[in-house]
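Residue-level structural notes
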Amino acid sequence: MNTMNAKLNTVVGASSSSCTTDPTPEWLLKLNGAAKLNTVGASSSSWTTDPTPEWLLKLMTEKNGAELKKIIEKELSASDVSRGHDRLSMPCSNIIDLEFLSPMEQRIIEEDEGKKHMTGVAAKLVVKLVDSHVLKEFDVNLRRCSMHKTRGNHSFVYSLISWKQVVDDEGCGLKKSDKIRLWSFHSDGKLYFALTTLSPPPPPPSSDSGDSKPEEIISALVIDDKSNDDLPPK
């Protein structure tokens, strides 16, 4: 475990240092206040300090993966699980690490800008099945759209296309209001995403007033229980 973490940290650290020498993409500069929003969003989640899960470390080792990035933690909306939309929406203002694409992938995304029919970046999505150690792999396509707002501001949204197959898969068990976490990494030059569903919080404790005595409650239950009324006498 420690060895895998050390290896992973070395790879990620090397990747991060190389990114700092590249000029900031023009589209990223257009994001009005995106960096500030991103920092606020990331700090509000414990994910930034949570260790990398064991299943993801194992996947990275098996795939000889590198450049692990935390992408987004979000609650699935109605449109995310709608069969008609067929996409997972990821607003750039909510993405933790925006520099997760290779230069070639970034170029494809930028050349798609404004096109009606986008090429997108072919990718693999690995989903950890609910209540299981089983991982399932899907072919998806990453695209980015620019949405113009008032006062000339831009809003950029990444989308995973061919997403319907994931929603329809019973093993994945995705539904509205589920909270997910998504990572990215590269394996032999191929873009990968890894997704898991977070366990729901435990239900709140019962709100019994405690005014009634135990014997009174039992007596009331006996009086109101008429489930055996129709049975014939012995």
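Data block above holds the structure.
Quick caveat, the model's predicted, so the values are computed rather than measured.

1. Focus on the overall build of the chain
When helices and strands are tallied, the chain shows seven helices and seven strands. When the elements of the chain are put in sequence order from the N terminus, they spell out α-α-α-α-β-β-α-β-β-β-α-β-β-α. Relative to its full complement of 234 residues, the chain shows a buried share of 35%. Across the chain, contacts joining residues at least 24 apart in sequence account for 66% of those joining residues at least 6 apart. Accessible area for the chain stands at about 14600 Å²; split by element, carbon and sulfur atoms hold 54% of it.

2. Structural notes on the layout of surface pockets
Taken as a whole, the second largest pocket spans an internal volume of roughly 350 Å³. Looking at side-chain class alone, the lining of the second largest pocket contains six nonpolar, five polar and six charged residues.

3. Some details on helix α5 (residues 103-111)
If you check which residues of α5 are buried, you get Glu-105, Gln-106 and Ile-109. Looking straight down α5, one finds that the buried residues subtend no more than 100 degrees of arc, so they occupy a single side. Exposed residues on α5 whose side chains face more than 90 degrees from its buried face are Pro-103, Met-104 and Glu-111.

4. Some words on the environment of Glu-99
Here Glu-99 shows up in the loop between β2 (87-91) and α5. Residues Glu-99 and Lys-69, 30 residues apart in the sequence, show an inter-C-alpha distance of 8.5 Å.

Scoring rules and cut-offs
- Residues numbered from 1 in each chain as written.
- Predicted model: local features only at pLDDT ≥ 70, side-chain atom pairs only at ≥ 80, totals over all residues.
- Heavy atoms only, no water.
- Helix = DSSP H or I, 4+ residues; strand = E, 2+ residues; numbered from the N terminus.
- Buried < 20%, exposed > 50% of the residue type's maximum accessible area, 1.4 Å probe, protein only.
- Contact = heavy atoms within 4.5 Å.
- Areas by Shrake-Rupley, 256 points an atom, 1.4 Å probe, with all protein chains shown as cover.
- 1 Å grid on protein atoms, 1.4 Å probe; cavity = no way out; pocket = protein on both sides within 12 Å on 5 of 7 lines; lining within 4 Å.
- Points joined across faces, edges and corners; volume = space filled by probe spheres on them.
- Nonpolar A, V, L, I, M, F, W, Y, C, P; charged D, E, K, R; others polar.
- Arc of directions from axis to C-beta.

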